[in-house]
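# Geometric and topological summary
Given next are the chains, with one letter for each unit.
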Amino acid sequence: MTVHLEVAEGVGTVRLDRPPMNALDIATQDRLKKVAEEAADRDDVRAVVLYGGEKVFAAGADIKEMQAMDHAAMVARSRALQDSFSAVARIPKPVVAAVTGYALGGGCELALCADYRIAGENAKLGQPEILLGVIPGAGGTQRLSRLVGPSKAKDLIFTGRMVKADEALTLGLVDRVVQADEVYSAAHEWAARLARGPAIALRAAKESIDAGLETDLETGLAIERNWFAGLFATEDRERGMRSFVEEGPGKAKFV
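Residues numbered from 1 in each chain as written. Predicted model: local features only at pLDDT ≥ 70, side-chain atom pairs only at ≥ 80, totals over all residues. Heavy atoms only, no water.

### Focus: the overall build of the protein chain
Looking only at helices and strands, the protein chain has 11 helices and 9 strands in total. Computed over its C-alpha atoms, the radius of gyration of the protein chain comes to 19 Å, within 12% of the 18 Å expected for a compact globule of 255 residues. For the protein chain, the spread of C-alpha atoms along the three principal axes comes to 65 × 40 × 35 Å. Sequence separation of 24 or more characterises 69% of the internal contacts of the protein chain that already satisfy a separation of 6 or more. As presented, the protein chain carries roughly 13,500 Å² of accessible surface, and 55% of it is formed by carbon and sulfur atoms. Across the protein chain, the 32 positively charged side chains and the 37 negatively charged ones have centroids separated by 0 Å. (Helix = DSSP H or I, 4+ residues; strand = E, 2+ residues; numbered from the N terminus. Rg over C-alpha atoms; globule rule 2.2 N^0.38 Å. Contact = heavy atoms within 4.5 Å. Areas by Shrake-Rupley, 256 points an atom, 1.4 Å probe, with all protein chains shown as cover. Lys, Arg positive; Asp, Glu negative; His and termini not counted. Charge placed at Lys NZ, Arg CZ, Asp CG, Glu CD.)

Written out as structure tokens, the structure reads:
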């Protein structure tokens, strides 16, 4: 299998495994969707790490496969392509991308589906589709511009240039840079910390932010208000507030 899910201590690692470059062919895209949906549904997965291995995250789509496709074929395929990535973005749990080596085209777009991105010093990210005569088709024009702003996104997409980890950090494309051999451990540590948190509140926070960004302020506030009030019906809320009053902040153990 080109994508598999490994679960330990509440952290699910979605591992790309299509050597040598983790090219995202159709079979891998479809498998990614299934694994993302599994991670979303499993109660023993409370946070997720996206990982391509020590050498490369994902170098992009399988260009040889795409070259053989005509307009009609891509019209039929493009929704499934986007849906496979959106399944990752919709995981209702904290998701961190552990980026090593190349994260280009579809690889960069997959990293954009995470809530947080940790890159190795050897990472190179970009959307080089324009150099092939096309544009990003797995969410790059939308998620990248929402993350770094339209002008920075246009620079990357119009030129197709790659950026190294330090520039990606400056642009806001990644959130943290560590040594290449520490990427997975840093990402797993981030996920493990959140896996011990209040699962429903974390889901509420993620949905409030993501849904709120897609609408006007008043609607976003309504989304937040409904989730906020709803959390008062959870056991985690009772535990968290009782622990705060009795023991001080940061000591609650959630179910």
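And the narrative resumes.
### Topic: helix α6 (residues 150-159)
Listing the buried residues of α6 in full gives Ala153, Leu156 and Ile157. Taken end-on, α6 shows its buried residues confined to a sector of 90°, consistent with a single buried face. Looking at α6, the residues exposed on the side facing more than 90 degrees away from the buried face are Ser151 and Phe158. Contact partners of the buried residues in α6: α5 (140-148), β8 (162-164) and α7 (165-171). In the stretch just after α6, Gly160 is the one whose phi turns positive, near 70°. (Buried < 20%, exposed > 50% of the residue type's maximum accessible area, 1.4 Å probe, protein only. Arc of directions from axis to C-beta.)

### Points about a negative patch on the surface
Negative charge collects at one region of the surface, where Glu54, Glu121, Asp181 and Glu182 lie side by side. Tracing the backbone shows Asp181 in the loop between β9 (176-178) and α8 (183-195). (Patch = residues over 30% accessible without salt bridge, like charges linked within 9 Å, V, L, I, M, F, W, Y side chains within 5 Å. Salt bridge = Lys/Arg side-chain N within 4 Å of Asp/Glu carboxyl O.)

### A short note on unusual backbone geometry
Note that the residue after Pro19, namely Pro20, is joined by a cis bond; omega there is 0°. Structurally, the position occupied by Pro20 is in the loop between β2 (11-16) and α1 (26-41). Even without a glycine there, the phi angle at Glu9 is positive, about 55°. Inspection of the secondary structure puts Glu9 in the loop between β1 (3-8) and β2. By relative accessible area, which is 76% here, Glu9 ends up exposed.

### Quick word on the nonpolar core
Note on soluble globular proteins: their nonpolar side chains tend to be buried together. Counting 45 residues, the largest nonpolar core has Leu50, Phe57, Val99, Leu125 and Leu173 as the members making the most contacts within it. Among the elements that make up this core, the one with the highest residue count is helix α3 (residues 71-89) (5 residues). The residues contacting Leu50, other than those within four sequence positions of it, are Val14, Phe57, Val88, Val95, Val96, Ala97, Ala98, Leu110 and Ala114. By size, the runner-up hydrophobic cluster in this structure holds 14 residues, among which are Tyr51, Val178, Val183 and Ala186. (Core = buried A, V, L, I, M, F, W, Y, C linked by side-chain atoms within 4.5 Å.)

### Details of the sheet that holds β1
Read across the sheet, 6 strands follow the order β1-β2-β3-β4-β6-β9 without closing on themselves; strand pairing throughout is mixed. The open sheet is flanked by β1 and β9, the only strands paired with a single partner. Ignoring strand direction, the axes of neighbouring strands in this sheet form an average angle of 20°. For β2 and strand β3 (residues 47-51), the ladder comprises 5 bridges, and the chain directions are parallel. Opposite Val11, over in β3, you have Ala47 as the bridge partner. (Pairing = 2+ DSSP bridges. Axes fitted to C-alpha atoms, helices over the stretch in contact; angles between N-to-C directions.)

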